[in-house]
Amino acid sequence: MPAPSVSAPAPARPPSDLVDFDTGAEFLGKSGRPISSSTLRRLVKAKKLTIWRRGRRQLVSLSDLLVAHGEWTAE
């Protein structure tokens, strides 16, 4: 009898509020505590934000971005 196959878990469904780095930075700039798109890229590299891909575009969830921004500004 063959061994049962183990399938990889289904990929997580991307959130519906994905934005690119420039749009995310522009949105946070209106909060009074701006952040640059390059800083967002560094946070993704540091694994503080999850990146989602659509083709070649790199996107982040706006809700995750808002939560993380709230934590950074509270420090």
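Residues numbered from 1 in each chain as written. Predicted model: local features only at pLDDT ≥ 70, side-chain atom pairs only at ≥ 80, totals over all residues. Heavy atoms only, no water.

A. How the structure looks around helix α1 (residues 21-29). Within the sequence span of α1, burial applies to Phe21, Gly24, Ala25 and Leu28. On an axial view of α1, the arc spanned by its buried residues comes to 95°, and they lie on one face. Facing away from the buried side of α1 by over 90 degrees, the exposed positions are Asp22 and Glu26. Where α1 starts, the residue carrying a side-chain oxygen 3.4 Å from the main-chain nitrogen of Asp22 turns out to be Asp20. (Buried < 20%, exposed > 50% of the residue type's maximum accessible area, 1.4 Å probe, protein only. Helix = DSSP H or I, 4+ residues; strand = E, 2+ residues; numbered from the N terminus. Arc of directions from axis to C-beta. Polar contact = N/O pair within 3.5 Å; in protein donor to acceptor, adjacent residues only side chain to side chain.)

B. Main features of the sheet that holds strand β1 (residues 18-20). Strand order across the open sheet formed by three strands is β1-β3-β2, with antiparallel pairing between neighbours. Here the strands that pair on one side only, and so sit at the sheet edges, are β1 and β2 (52-54). Going from strand to strand, the sheet's axes swing by 45° on average, the running direction of each strand aside. Of the pairings in the sheet, the one linking β1 to strand β3 (residues 57-61) comprises three bridges and is antiparallel in character. Following the sheet pairing, Asp20 is matched in β3 by Leu59. Across the sheet, helix α3 (residues 62-74) is in contact with β1 and β3; its angle to β3 comes to roughly 60°. (Pairing = 2+ DSSP bridges. Axes fitted to C-alpha atoms, helices over the stretch in contact; angles between N-to-C directions. Contact = heavy atoms within 4.5 Å.)

C. Main features of the environment of Arg41. Relative to the assigned elements, Arg41 resides in helix α2 (residues 37-45). Between the alpha carbons of Arg41 and Ile51 there is a distance of 9.3 Å; along the sequence they are 10 residues apart.

D. Seen up close, the nonpolar core. In this structure, Leu40, Leu49, Val60 and Leu65 are the most contacted members of the largest nonpolar core, which totals 13 residues. Those elements that provide at least two residues to this core are α1, α2 and α3. (Core = buried A, V, L, I, M, F, W, Y, C linked by side-chain atoms within 4.5 Å.)

E. Spatial organisation of the packing of α1 against α3. Viewed as axis vectors pointing N to C, α1 and α3 meet at an angle of 45°, and their least axial separation amounts to 11 Å. It follows from the interaxial angle that α1 and α3 lie oblique. For the pair α1 and α3, the crossing hand works out as right-handed. The segment α1 lies against α3, with Gly24, Phe27 and Leu28 engaging Leu62, Leu65, Leu66 and His69. Tallied by class, the residues present in the contact of α1 with α3 amount to five nonpolar, two polar and no charged. (Parallel < 35°, antiparallel > 145°, perpendicular 65-115°, else oblique. Left-handed = near helix turned anticlockwise from the far one by under 90°. Nonpolar A, V, L, I, M, F, W, Y, C, P; charged D, E, K, R; others polar.)

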